[in-house]
Amino acid sequence: MPSQFPHGFVWGAATAAYQTEGAVHADGRTPSIWDTFSHTPGRVRAGDTGDIADDHYHRYDQDVRLMSQLGLGAYRFSVSWPRVQPTGRGPASQAGLDFYRRLVDDLLAHGIQPVLTLYHWDLPQELEDAGGWPERETAHRFADYAQLVAGALGDRVQEWITLNEPWCSAFLGYATGVHAPGRTDAAAALRAAHHLSLAHGLGVQALRATLPRRARVAVALNPNAVRARSASAEDEDARRRIDALANRIFTGPMLHGAYPADLFTDTAAITDWSFVQADDARTIRQPLDWLGINYYTPSVVSAATGDRPPSGPTAYPGAEEVTFHQPPGTRTAMGWTVDPSGLYELLMRFCREVPGLPLAITENGAAYDDKPDDRGAVHDPERIRYLHTHLETLLRALADGADVWGYFVWSLLDNFEWAHGYSKRFGVVYVDYETLERVPKTSARWYREVIRTGQLTVGKQKFS
Ligand code: GBH
């Protein structure tokens with residue numbers, strides 16, 4: 001197997017607006033659903049909020065210098081919708097757009113390619129008050145917002161991502177309620193999923209109409225590498241149901257122009273899907289320039305084991321009988337099993353399923369309990385091991401024909417890890433939340449060597 005990444009392979013790091021920016025009241029920004037949610041007692045661990053986060057809004061120039069020192073070729077960030085269009089409709093906030101213009105110009109000046117995500121979960125609260133993603137109207141609001149951002153930044157950003165992980169927005173936001181807006185209504189979650197897909201389709205149309213021809217448009221999904229615990233027909237059926245509710249619910253309409261029939265049958269007791277209109281599937285399937293894959297860990301499922309009562313609302317409405325099992329292997333601080341084989345499986349699946357569609361790994365990484373030593377250095381060998389094994393697997397997929405143009409580590413910086421607040425650190429750069437000082441971890445130096453050499457071997461000798 002080759003140990004060298006292809007010439008021109010793009011090395012990046014990713015963040016998201018609400019997780020890093022802070023400055024939630026600056027320049028006319030209004031609350032998003034995550035401001036409301038994090039300020040609701042009991043929703044986020046220890047009452048943490050994104051009010052300050054990494055203060056990236058005020059420290060972006062320092063962060064771009066850090067990226068430059070790492071040798072990053074690309075930076076994936078998201079635009080905060082309520083920062084650039086405060087009411088979720090109507091006029092833009094010039095001050096809000098100016099922040100992203102300055103950020104992008106600074107990136108370009110350092111030779112770092114901006115990769116812009118339009119929606120990484122921070123819906124303007126006003127739109128949630130009008131019904132949020134379960135309402136069709138929200139998809140149209142998203143298309144207007146996409147057009148507005150494209151008009152402002154289209155001359156300098158080439159890579160555009162409509163949505164980040166619509167599965168999380170729909171099912172963690174509206175079914176389990178562990179994410180904003182914290183609703184627990186399975187039917188609403190399925191409506192939300194559809195309207196997120198519709199927003200993607202309408203958004204791609206708006207981007208194509210506004211952006212210069214060289215621009216590339218994508219979506220970032222979190223496909224679930226789901227396996228059956230055994231080869232029994234019951235366990236295989238459990239796998240099929242989760243595959244429908246986690247994967248094919250989005251890849252069906254977005255990549256193939258149709259919902260899978262089994263999804264409708266499995267969820268028939270929850271909704272009749274009458275909110276899907278005749279032309280929607282055609283609107284949702286827009287040609288894409290590439291597909292973003294976020295990967296952390298695989299899933300193992302079986303048919304109901306009956307040994308534990310269902311705990312709270314399910315993230316998989318219509319598959320309540322399915323039991324999830326912890327896959328074997330070491331775990332990260334999130335409790336997620338380290339197992340890169342799911343990444344290989346997904347890359348090969350998409351290259352078979354959608355021949356000719358380039359892929360990028362838009363997120364991959366791990367949380368560990370990083371602490372500075374008595375000299376202030378942060379050693380994170382487990383993260384190096386995690387990234388190393390996943391990059392090894394990526395090399396194998398490339399050798400086996402997967403068309404992957406880039407890799408983005410999650411995350412550049414420790415940041416607000418949603419319902420876990422600041423307790424979970426994913427960064428290759430440590431953030432001291434008292435002083436907001438940035439300290440590159442050992443993994444950052446390791447990553448810099450991988451980027452510099454395009455090889456894994458060098459990094460391994462020096463850092464493990
Ligand atoms: C990504 O989400 C996000 O894009 C990013 O913002 C975040 O910081 C990062 O990963 C790290 O979490 O147990 O049923 O709730 C990853 C989201 C997490 C979705 C694991 C599926 C398990 C589903 N994934 N989750 S469930």
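What counts, and where the lines are drawn
- Residues numbered from 1 in each chain as written.
- Predicted model: local features only at pLDDT ≥ 70, side-chain atom pairs only at ≥ 80, totals over all residues.
- Heavy atoms only, no water.
- Helix = DSSP H or I, 4+ residues; strand = E, 2+ residues; numbered from the N terminus.
- Rg over C-alpha atoms; globule rule 2.2 N^0.38 Å.
- Contact = heavy atoms within 4.5 Å.
- Areas by Shrake-Rupley, 256 points an atom, 1.4 Å probe, with all protein chains shown as cover.
- Lys, Arg positive; Asp, Glu negative; His and termini not counted.
- Charge placed at Lys NZ, Arg CZ, Asp CG, Glu CD.
- Salt bridge = Lys/Arg side-chain N within 4 Å of Asp/Glu carboxyl O.
- Buried < 20%, exposed > 50% of the residue type's maximum accessible area, 1.4 Å probe, protein only.
- Core = buried A, V, L, I, M, F, W, Y, C linked by side-chain atoms within 4.5 Å.
- Polar contact = N/O pair within 3.5 Å; in protein donor to acceptor, adjacent residues only side chain to side chain.
- Pairing = 2+ DSSP bridges.
- Axes fitted to C-alpha atoms, helices over the stretch in contact; angles between N-to-C directions.
- Phe/Tyr/Trp six-rings, centres within 6.5 Å; stacked < 30°, edge-to-face > 60°.
- Near = heavy atom within 4 Å.

Visitor: Help me understand the overall build of the protein, please; the structure alone is not making it clear to me.
Guide: Each helix and strand in the protein was counted, giving 16 helices and 13 strands. Its C-alpha atoms give the protein a radius of gyration of 21 Å, within 12% of the compact-globule value 23 Å for 464 residues. A principal-axis box enclosing the C-alpha atoms of the protein has dimensions of 60 × 55 × 45 Å. Within the protein, contacts between residues at least 6 apart in sequence are counted, and of these 77% link residues at least 24 apart. Entry remark: accessible area of the protein is about 17,200 Å², with carbon and sulfur atoms responsible for 50%. Averaged over its 45 positive side-chain charges, the protein has a centre that lies 4 Å from the centre of its 56 negative ones.

Visitor: I tried to follow the pattern of salt bridges on my own but got confused; where do I start?
Guide: Side chains that differ in charge, positive against negative, can pair when their charged atoms come close. Taken as a whole and judged by the stated rule, the model has 33 salt bridges. In this structure, the salt-bridge partner of Arg 282 is Asp 279, at a minimum N-O distance of 3.3 Å. Two residues, Asp 370 and Lys 441, come together in a salt bridge whose shortest N-O distance is 2.7 Å. One end of the pair, Asp 370, is in the loop between strand E10 (359–364) and helix H14 (381–399); the other, Lys 441, is in the loop between strand E13 (438–440) and helix H15 (442–453), and 71 residues separate them in sequence. Just as Asp 370 is buried, Lys 441 falls in that class too. When salt bridges that share partners are traced, they join Asp 237, Arg 240, Arg 241, Asp 243, Arg 248, Asp 262, Asp 266, Arg 349 and Glu 353 into one network.

Visitor: Explain the nonpolar core to me, please; I cannot follow it from the model alone.
Guide: For soluble globular proteins, the rule of thumb is that nonpolar side chains tend to be buried together. Grouped together as the largest cluster of nonpolar side chains are 160 residues, with contacts concentrated most on Trp 34, Trp 133, Val 149, Trp 160, Leu 347, Leu 394 and Tyr 407. In terms of residue count, the dominant contributor to this core is helix H9 (residues 186–210) (eleven residues). In this structure, Val 149 is in contact with Val 79, Val 84, Leu 116, Leu 118, Gly 154 and Trp 160, ignoring residues within four places of it in sequence.

Visitor: So what exactly am I meant to see when it comes to the environment of Glu 165 here?
Guide: Counting through the fold element by element, Glu 165 comes out in the loop between strand E4 (159–164) and helix H8 (166–174). Judged by its relative accessible area of 6%, Glu 165 falls in the buried class. A sequence separation of 31 residues divides Glu 165 from Leu 196, and the C-alpha atoms of the two residues are 9.9 Å apart. What Glu 165 contacts, discounting residues up to four positions off in sequence, is Trp 121, Ala 220, Leu 221, Asn 222, Asn 294 and Glu 363. Within polar-contact distance, the side chain of Glu 165 engages the side chain of Asn 294 at 2.9 Å.

Visitor: What's the story with the sheet that holds strand E6 (residues 226–228) in this structure? I'm lost.
Guide: Pairing is mixed across the open sheet formed by three strands, whose spatial order is E6-E8-E9. Looking at which strands have only one partner, the edges of the open sheet turn out to be E6 and strand E9 (323–325). Mean inter-strand twist for the sheet, computed between neighbouring axes without regard to direction, equals 40°. Bridge count for strand E8 (residues 299–302) against E9 is three bridges, and the pairing is antiparallel. Residue pairing across strands places Ser 302 opposite Thr 323, the latter belonging to E9.

Visitor: Is there a simple way to think about the side chain of Glu 363 in this case?
Guide: Inspection of the secondary structure assignment puts Glu 363 in strand E10. Polar side-chain contacts of Glu 363 include one of 2.6 Å to the side chain of Tyr 296.

Visitor: Whenever I open this one, the packing of aromatic side chains confuses me. Can you help?
Guide: Any two aromatic rings considered together are summarised by their centre-to-centre distance and by the angle between their planes. For the coordinates displayed, the defined rule picks out 40 aromatic pairs. Ring geometry for Trp 11 versus Tyr 447: centroids 5.9 Å apart, planes at 85°, classification edge-to-face. Here Trp 11 is found in strand E1 (residues 10–14), whereas its partner Tyr 447 is found in helix H15, with 436 residues between them in sequence. In this structure, Trp 11 and Tyr 447 share a single accessibility class: buried. Judged by centre distance (6.5 Å) and plane angle (65°), the rings of Tyr 407 and Tyr 447 are edge-to-face. Of this pair, Tyr 407 sits in strand E11 (residues 404–410) while Tyr 447 is found in helix H15, placing the two residues 40 residues apart along the sequence.

Visitor: Quick question: what am I supposed to make of the sheet that holds E10 here?
Guide: Hydrogen bonds between backbone atoms are what pair the strands of a sheet, whose relative direction is either parallel or antiparallel. Pairing within the closed barrel is parallel, and its eight strands lie in the order E1-E2-E3-E4-E5-E7-E10-E11. Between one strand and the next, the sheet's axes are offset by a mean angle of 25°, whatever the strand orientation. Relative to E10, strand E7 (residues 290–294) runs parallel, the two sharing four bridges. Bridging across to E10, Leu 291 finds its partner in Leu 359. Against the sheet, helix H5 (residues 94–109) engages strand E2 (74–78) and strand E3 (113–119), with an angle of about 170° to E2.

Visitor: Would you mind going over the pairing of E7 with me for this structure?
Guide: In the case of a regular strand, side chains alternate between the two sheet surfaces. The element E7 is largely enclosed, with a buried count of five among its five residues. Two elements, strand E5 (residues 216–221) and E7, share four bridges in a ladder whose sense is parallel. When the sheet's bridge partners are listed, Ala 220 is paired in E7 with Gly 292.

Visitor: What am I meant to see in the site of the ligand here?
Guide: The environment of the ligand is formed by 16 residues, the closest being Gln 19, His 120, Glu 165, Glu 417 and Trp 418. One of the side-chain N or O atoms of Gln 19 is found 2.8 Å from an oxygen atom in the ligand. For the ligand, the protein covers 76% of the area, taking 580 Å² as the surface of the free molecule. The greatest single-element share of the shell around the ligand, amounting to three residues, is contributed by H8.

Visitor: Honestly, H8 in this entry has me stumped. Any pointers?
Guide: Since the α-helix advances by 3.6 residues per turn, residues separated by three or four positions end up pointing in the same direction. In terms of residue burial, H8 counts as a mostly covered element, since nine of its nine residues are buried. Where the residues of H8 are buried, they touch E3, helix H6 (125–129), E4, H9, E5 and helix H10 (233–256).

Visitor: Would you explain the pairing of E1 in this entry?
Guide: Counted residue by residue, E1 has five buried out of five residues, so it is predominantly covered. Across the two faces of E1 the burial is the same, with Val 10, Gly 12 and Ala 14 and Trp 11 and Ala 13 all buried. Taken together, the five bridges between E1 and E11 define a ladder with parallel strand orientation. Across the sheet, Gly 12 pairs through a bridge with Phe 408, a residue of E11. With three bridges connecting them, E1 and E2 associate as parallel partners. Paired with Ala 14 across the two strands is Arg 76, which belongs to E2.

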